[in-house]
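Okay, here's what each chain looks like letter by letter:
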Amino acid sequence: MDAKRQAATEIVQRLRAEGFQAYLVGGCVRDLVMGREPEDYDIATDATPQQVLQLYPDALTVGAQFGVVIVPHETGNIEVATFRSDGRYADGRHPVEVRFAKTPQEDVHRRDFTINGLLFDPATDEVIDYVGGKADIRARRLRTIGDPIERFHEDRLRMLRAVRFAARFEFTLDGAAKQAIQKLAPQIHDVSAERVRDEIIKILTEGQARRGFELLDETRLLQEVLPEIKALQGVEQPPEFHPEGDVWIHTLMMLEGLHHPTATLALAVLLHDVGKPPTFTIRERIRFDNHVEVGARMAGAICARLRLSTRETERVVELVEHHLRFKDFPRMKRSTQLRFLRMEGFEEHLELHRLDCLSSHRDLTNYELARRLMEETPPERIKPQPLLRGDDLIAQGYKPGPRFKEILQAVEDAQLEGKLQGRDDALRLVAEQFPLPQP
């Protein structure tokens, strides 16, 4: 038993020793039944938040109004929630009234999906199932607990969660749940951008991104949360470069190649060709003039709409903005190649290019060229110490101004090309290429 599970088990044992009911509940039980290692452990109990706090005075009461207390532990926080039976939901997220319940049956029946409604008794190693969750796991089916319309009305985000769980576990989405989502899809706009963003990123990074986006489309959620991605469908591409099909198919193939990527790489894969629909023209052949520039602006706007951090947004925009630079890599000067390699997050640029190639013409020549250069070039040669600085130019009689940047870049270019051996060579180059005016 791992340390985190042991810690949760000890909390269950202590609650029971005090006369309370307590079980492991939710996703951790689902994962145990499926033979997966849970990331977190949650506990359900009939002890009230105040009673839990009496046993664990250092616990955090961030969700106490909903019956949730966080018990800190060196292996990670453990959520302890009081059995409850929620009343009416007014805002599509929070119940108007939270009623504490006495039995675990009442508690699990207010949860979202049957696979998340399982309880586990660590004393007997027994899985307790009041909602048919074990059968649904065996059938590889995602089904709501009770009426799907009611469950999705209670919290609209559950529609995105349904897609995420079905994709992540490669389950079939129950027909009634799917129809309910199709009907209620426009109501996803009631959910905050931050919560939508978090689910989209999880769909992109948990291992089944292509299936996730196919399900988003099938449930009509895609056109609501990311209409720019829906617009990729049916946008033809030149078959000599893209034998795989339209921009949507190309993007899905790239998503399929993702294996637990960073959020920024995954978003860049999703958005890298978002500028193609608005720039589509046919002149002799299909063209997407300036689609990279248009796409970078659109990617920035989408990231802002999803409330990504400034740093994450900048990285995604950079990835979209530079994703076609690799086609020119063999013709670049060595200095230009090395400057490209030292861009922050270059590994993500490289992986985006690899996926782009494998999902179209499948020619990895430029990818291999860049990868080998990155692996074979020591960091001190990719970004060497400057041979000259502004103070050195001033000492030679140059006046500070915009020309300094041009001079210093010329010196660095020559340094990266291996044409300079030291400071004296650099000063000689400056004197030859940028002579001081004669008095």
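Overview of the structure. In this text the structure is predicted, and so the values were computed from the model without any measurement.

On to the overall build of the protein chain. Secondary structure summary: the protein chain contains 24 helices and 13 strands in total. In terms of overall size, the protein chain is more extended than a compact globule, its C-alpha atoms giving a radius of gyration of 28 Å where 439 residues would be expected to give roughly 22 Å. Here the C-alpha coordinates of the protein chain stretch approximately 95 × 55 × 35 Å along the principal axes. Within the span of the protein chain, comprising 439 residues, buried residues form 50% of the whole. For the protein chain, the share of sequence-separated contacts (at least 6 apart) that also reach a separation of at least 24 residues comes to 63%.

Okay, the sheet that holds strand β3 (residues 60–63) next. Judged by pairing direction, the sheet is mixed, and its seven strands sit side by side in the order β3-β4-β5-β2-β1-β8-β9 without closing on themselves. Of all strands in the sheet, those with a lone pairing partner are β3 and β9 (126–129), marking the two edges. Neighbouring strand axes in the sheet, compared pairwise and without regard to direction, differ in orientation by 35 degrees on average. Pairing of β3 with strand β4 (residues 68–71), which is carried by two bridges, proceeds in the antiparallel orientation. When the sheet's bridge partners are listed, G63 is paired in β4 with V68.

There is a patch of like negative charges on the surface, built from E293, E314, E318 and E321. Here the element with the most residues in the negative patch is helix α17 (residues 310–322); it accounts for three residues.

Attention now goes to the packing of aromatic side chains. Following the criterion strictly, the structure yields nine aromatic pairs and no others. Between the aromatic rings of F113 and F165, the centroid separation amounts to 6.0 Å while the plane-to-plane angle is 80 degrees, which identifies the pairing as edge-to-face. Here F165 lies in helix α7 (residues 157–168) and F113 lies in the loop between α4 (104–108) and β8 (118–121), a separation of 52 residues in the sequence. Looking at F113, the relative accessible area reads 1%, which means it is buried. Residues F340 and F346 carry aromatic rings whose centres are separated by 5.1 Å and whose planes lie at 85 degrees to one another, so their mutual orientation is edge-to-face. Like F340, the residue F346 is buried in the burial classification. Linked through ring pairs, F113, F165, F169 and F171 together constitute an aromatic cluster. Sitting above the plane of the Y23 ring, R16 keeps its charged end 5.1 Å from the centroid. The side chain of R325 reaches across the aromatic face of F340, ending 4.2 Å from its centre.

Once that is clear, we can look at unusual backbone geometry. With a phi angle near 55 degrees, E170 is a residue other than glycine that sits in the positive phi range. Its place among the elements puts E170 in the loop between α7 and β11 (172–173). In the Ramachandran plot, R362 falls in the positive-phi region, its phi being about 70 degrees despite a non-glycine side chain. For R362, the position within the fold is in the loop between α19 (346–358) and α20 (365–376). A relative accessible area of 55% means that R362 is categorised as exposed.

Here we come to the packing of helix α9 (residues 193–205) against helix α10 (residues 209–218). Helix-helix packing is characterised by the crossing angle of the two axes and by the distance between the axes. For the pair α9 and α10, the least separation of the axes is 7 Å and the interaxial angle reads 135 degrees. With respect to each other, α9 and α10 are oriented oblique. Of the residues in α10, those in contact with I200, I203 and L204 of α9 are A209, G212, F213 and L216.

Core analysis: the biggest nonpolar cluster contains 90 residues, and L15, I43 and F213 have the highest contact counts within it. Top element by residues in this core is α7. It accounts for eight residues. Ignoring anything within four residues of it in the chain, the contact list for I43 reads A8, I11, V12, L15, A22, Y23, L24, V25, I78, E79, V80 and A81.

As a further point, take the pairing of strand β2 (residues 42–45). Where strand β1 (residues 22–25) lies against β2, four bridges are found, and the strand directions are antiparallel. Within the sheet, the bridge partner assigned to V25 lies in β2 and is D42.

This brings us to α9. Between its first and last C-alpha, α9 extends 18 Å over 13 residues, near the 18 Å set by a 1.5 Å rise per residue. Listed as buried for α9 are R195, V196, R197, E199, I200, I201, I203, L204 and T205. Considering only its buried residues, α9 is in contact with α7, α10, α11 (222–225), α13 (247–256) and α14 (263–271). Within two residues after α9, G207 carries a phi angle of roughly 120 degrees, on the positive side.

Another point: the environment of E314. Looking at where E314 falls in the secondary structure, it is placed in helix α17. Residue E314 is classed as partly exposed on the basis of its relative accessible area, which comes to 48%. Sequence separation between E314 and C303 is 11 residues, and the spatial gap between their C-alpha atoms is 9.1 Å.

With that settled, the discussion passes to α20. The end-to-end C-alpha separation of α20 is 16 Å, in line with the 16 Å expected for 12 residues at 1.5 Å each. Buried within α20 we find N366, Y367, A370 and L373. All buried residues of α20 project into a common sector of 135 degrees when viewed along the axis, lining one side. Residues of α20 that are exposed and angled more than 90 degrees away from the buried face: T365, E375 and E376.

The rules behind the values
Residues numbered from 1 in each chain as written. Predicted model: local features only at pLDDT ≥ 70, side-chain atom pairs only at ≥ 80, totals over all residues. Heavy atoms only, no water. Helix = DSSP H or I, 4+ residues; strand = E, 2+ residues; numbered from the N terminus. Rg over C-alpha atoms; globule rule 2.2 N^0.38 Å. Buried < 20%, exposed > 50% of the residue type's maximum accessible area, 1.4 Å probe, protein only. Contact = heavy atoms within 4.5 Å. Pairing = 2+ DSSP bridges. Axes fitted to C-alpha atoms, helices over the stretch in contact; angles between N-to-C directions. Patch = residues over 30% accessible without salt bridge, like charges linked within 9 Å, V, L, I, M, F, W, Y side chains within 5 Å. Areas by Shrake-Rupley, 256 points an atom, 1.4 Å probe, with all protein chains shown as cover. Salt bridge = Lys/Arg side-chain N within 4 Å of Asp/Glu carboxyl O. Lys, Arg positive; Asp, Glu negative; His and termini not counted. Charge placed at Lys NZ, Arg CZ, Asp CG, Glu CD. Phe/Tyr/Trp six-rings, centres within 6.5 Å; stacked < 30°, edge-to-face > 60°. Lys NZ or Arg CZ within 6 Å of the ring centre and 35° of its normal. Parallel < 35°, antiparallel > 145°, perpendicular 65-115°, else oblique. Core = buried A, V, L, I, M, F, W, Y, C linked by side-chain atoms within 4.5 Å. Expected span 1.5 Å × (residues − 1). Arc of directions from axis to C-beta.

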